[in-house]
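# Overview (structure and organization)
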Amino acid sequence: MTRPREALLRLPGPLVEAAWVARHLEHPDLVVADVRWDPDGSAHRRYEEGHLPGAVFVDVDRDLSAPRSPGSGRHPLPAPEDFAAAMARLGIGDGTAVVAYDDAGGAYAARLWWMLRVTGHEAAVLDGGLAAWAGPLEAGPGRPRPPATFAPRPWPEELLARAEDVERARGDPGSVILDARAPERYRGEVEPIDPVAGHIPGARNAPFPGNLDPATGRFLPPEELRRRFEALGAGRGRDVIVYCGSGVTSCHLLLAMELA
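In what follows, the accompanying structure is described. In this text the structure is predicted, and so the values were computed from the model without any measurement. (Residues numbered from 1 in each chain as written. Predicted model: local features only at pLDDT ≥ 70, side-chain atom pairs only at ≥ 80, totals over all residues. Heavy atoms only, no water.)

### Let's talk about the side chain of Thr249
Mapped onto the secondary structure, Thr249 falls in the loop between strand S8 (239–243) and helix H9 (250–259). Accessibility expressed as a relative area gives 14% for Thr249, which makes it buried. The contact partners of Thr249, leaving out residues within four places of it in the chain, are Ala107, Ala180, Phe208 and Cys244. (Helix = DSSP H or I, 4+ residues; strand = E, 2+ residues; numbered from the N terminus. Buried < 20%, exposed > 50% of the residue type's maximum accessible area, 1.4 Å probe, protein only. Contact = heavy atoms within 4.5 Å.)

What follows is the structure in structure tokens.
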């Protein structure tokens, strides 16, 4: 039976500090998720070299994405049943609070955060990521967690934009399209991954690292994030569509806008 929602460990917000994680690390309702990713597949090796104590490794390609197919993009959302099975296998259940981290300013952890939040689960991102953790790291394959019960829930259609939605938004003065990629990829000067360089016509560039303090690697204060998105035309009352190269780092913008 699924644990009642009142029994969940309540997270302080969509962003948590390392000190909070340290205080609650042994709480039975908390799972810490290492969501590091590298295009060369080395993230799991780095996880085994050192991760937060008790953290489970979440594979962006296997656990948070469906297999690639023609026209699907590089990280399409998995079927709800497949996502539920992956979470259950990792010990993440319907009564679990999850804190996700990576070593890239939350670029990949935000994907898990978004997927959990839109399906009604408690989730947050560790502000500052692995670098913010002052305690000892744990090496090895990780501690296995017992499988959990995670009920499949459909992805909310109202939060997903299709190509036709983007086309309509391009002609709507009340809508804004934000591109989370680096400026040089947005401008089409370089394209190391995708087959076509450049950006969706009319989209505005909002590189996800701009949500972070460059000195600390932590998210900017809410008021600074609010000013950033207002300057991009994505203030209150606007319909906003975010995208990136594959649907991963665009979640960083969604997290930042929620903080704002």
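The structure having been displayed, the exposition proceeds.
### Examining helix H4 (residues 80–89)
Those residues of H4 that sit buried are Pro80, Phe83, Ala84, Ala86, Met87 and Ala88. Elements that come into contact with the buried residues of H4 comprise helix H3 (60–63) and helix H5 (109–117).

### Observations regarding the packing of helix H8 (residues 222–231) against H9
Geometry of a packed helix pair, given as the angle between the helix axes and the separation of the axes. Their axes nearest at 8 Å, the elements H8 and H9 cross at an angle of 115°. Our pair here, H8 against H9, has a crossing hand that is left-handed. Note on element contacts: H9 touches H8 through Leu253, Ala256, Met257 and Leu259, opposite Pro222, Leu225, Arg228 and Phe229. Of the residues that constitute the contact of H8 with H9, the class distribution is seven nonpolar, no polar and one charged. (Axes fitted to C-alpha atoms, helices over the stretch in contact; angles between N-to-C directions. Left-handed = near helix turned anticlockwise from the far one by under 90°. Nonpolar A, V, L, I, M, F, W, Y, C, P; charged D, E, K, R; others polar.)

### Quick notes on the sheet that holds S8
Strands sit in the order S7-S6-S8 across an open sheet of three strands; the sheet is parallel. The strands lining the two open edges of the sheet, one partner per strand, are strand S7 (204–205) and S8. Of the strand pairs in this sheet, strand S6 (residues 175–179) and S8 are connected by five bridges, and their pairing is parallel. Bridge pairing links Asp179 to Tyr243 in S8. Docked against the sheet, H9 engages S6 and S8, running at close to 145° with respect to S8. (Pairing = 2+ DSSP bridges.)

### Some points on the nonpolar core
Val35, Leu64, Phe83, Met87, Leu112 and Leu178 are the most contacted members of the largest nonpolar core, which has 53 residues in total. Looking at this core, the elements with two or more residues in it are strand S2 (30–34), H4, strand S4 (97–101), H5, strand S5 (122–126), S6, H8 and H9. At seven residues, H5 tops the list of elements feeding residues into this core. The residues touching Val35, leaving out its near neighbours within four places in the chain, are Val58, Val60, Leu64, Ala100, Tyr101, Asp102, Tyr108, Ala109 and Leu112. (Core = buried A, V, L, I, M, F, W, Y, C linked by side-chain atoms within 4.5 Å.)

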